[in-house]
Amino acid sequence: MMTKVIPMTSVLDDIYDVYGTYEELELFTQAVQRWDIDCINELPECIGLHRKSVCLFMQLFYKALIDVYVEIGEILACTGRVYALYHAKEAMKRQGRSYFAEAKCLHQQHKPTMDEYMSILNIESYPC
């Protein structure tokens, strides 16, 4: 299971660090927090060839993320541990909130101190 989750986390980080604009990331984060495939229709509509490919990438990634966790749920159900799926999803949602907190600081041109940056592990205390 982790062999799929770890690369998904890496791609999620790239979406926040490299590809998305702040406004796109805000919508993307909201979709990840709702964790519903129907939210794919609420992801950004982008203008321009490069932006359209980025938005398509976000949509493809979102679907793949949901699909990976559906697969994990099936595996967990077979082992009698389906209860763990909730915690796995919540961990990924928390990761998305953390990446968005970083993007928000960048957008606000706030350079966090080392202590502030390390507090990202506890997203509610992140300063931006």
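That block above? That's the structure.
## Some remarks on helix α2 (residues 22–34)
At step 1: Over its 13 residues, α2 extends 18 Å from the first C-alpha to the last, a length consistent with the 18 Å expected when each residue adds 1.5 Å.
At step 2: Residues of α2 that are buried: Tyr22, Glu24, Leu25, Phe28, Thr29, Ala31 and Val32.
At step 3: Structurally, α2 contributes buried residues whose contacts are with α1 (2–19), α3 (49–78) and α4 (83–107).
At step 4: Among the residues trailing α2, Trp35 stands out with phi positive, at a value near 50°.

## Considerations on the environment of His50
At step 1: For His50, the location among the structural elements is in helix α3.
At step 2: Judged by relative accessible area, His50 falls into the exposed class, the value being 53%.
At step 3: Spatially, the C-alpha atoms of His50 and Glu90 are 31 Å apart, while their sequence positions differ by 40 residues.

## With respect to the packing of aromatic side chains
At step 1: Within the structure shown, the criterion is met by 6 aromatic pairs.
At step 2: Relative to Phe61, the ring of Phe28 lies with its centre 6.2 Å away and its plane at 45°, an arrangement referred to as tilted. Taken as a pair, Phe28 in helix α2 and Phe61 in helix α3 lie far apart in primary sequence, 33 residues in all.
At step 3: Each residue in the set Tyr16, Phe28, Phe61 and Tyr99 is aromatic and connected to the rest through ring pairs, giving one cluster.

## Quick notes on α3
At step 1: Along its 30 residues, α3 runs 44 Å from first to last C-alpha, staying within 8% of the 44 Å computed at 1.5 Å per residue.
At step 2: Turning to α3, its buried residues number three or more, namely Val54, Cys55, Met58, Phe61, Tyr62, Leu65, Ile66, Val68, Tyr69, Ile72, Gly73 and Leu76.
At step 3: Those residues of α3 that are buried lie in contact with α1, α2 and α4.
At step 4: Of the residues flanking the end of α3, it is Gly80, one or two places downstream, whose phi is positive at about 75°.

## Quick look at the pattern of salt bridges
At step 1: The final tally for this structure, using the stated rule, is 5 salt bridges.
At step 2: Between Glu71 and Lys4 there is a salt bridge, with the nearest N and O atoms lying 2.7 Å from each other. With Glu71 in helix α3 and Lys4 in helix α1, the pair connects residues that are 67 residues apart, well separated along the chain.
At step 3: Judged by relative accessible area, which is 31%, Glu71 ranks as partly exposed.
At step 4: Put simply, Glu90 and Lys93 hold a salt bridge, and the shortest N to O gap is 3.1 Å. You can see Glu90 and its partner Lys93 sitting in helix α4, 3 residues apart, about one turn around the helix.

## Topic: the side chain of Glu24
At step 1: Along the chain, Glu24 turns up in helix α2.
At step 2: For Glu24, a relative accessible area of 7% translates into the label buried.

## Re unusual backbone geometry
At step 1: At Trp35, a position not held by glycine, the phi torsion is positive, near 50°.
At step 2: Note on placement: Trp35 falls in the loop between α2 and α3.
At step 3: Even without a glycine there, the phi angle at Gln109 is positive, about 55°.
At step 4: Positionally, Gln109 belongs in the loop between α4 and α5 (114–118).

What counts and what doesn't
Residues numbered from 1 in each chain as written. Predicted model: local features only at pLDDT ≥ 70, side-chain atom pairs only at ≥ 80, totals over all residues. Heavy atoms only, no water. Helix = DSSP H or I, 4+ residues; strand = E, 2+ residues; numbered from the N terminus. Expected span 1.5 Å × (residues − 1). Buried < 20%, exposed > 50% of the residue type's maximum accessible area, 1.4 Å probe, protein only. Contact = heavy atoms within 4.5 Å. Phe/Tyr/Trp six-rings, centres within 6.5 Å; stacked < 30°, edge-to-face > 60°. Salt bridge = Lys/Arg side-chain N within 4 Å of Asp/Glu carboxyl O.

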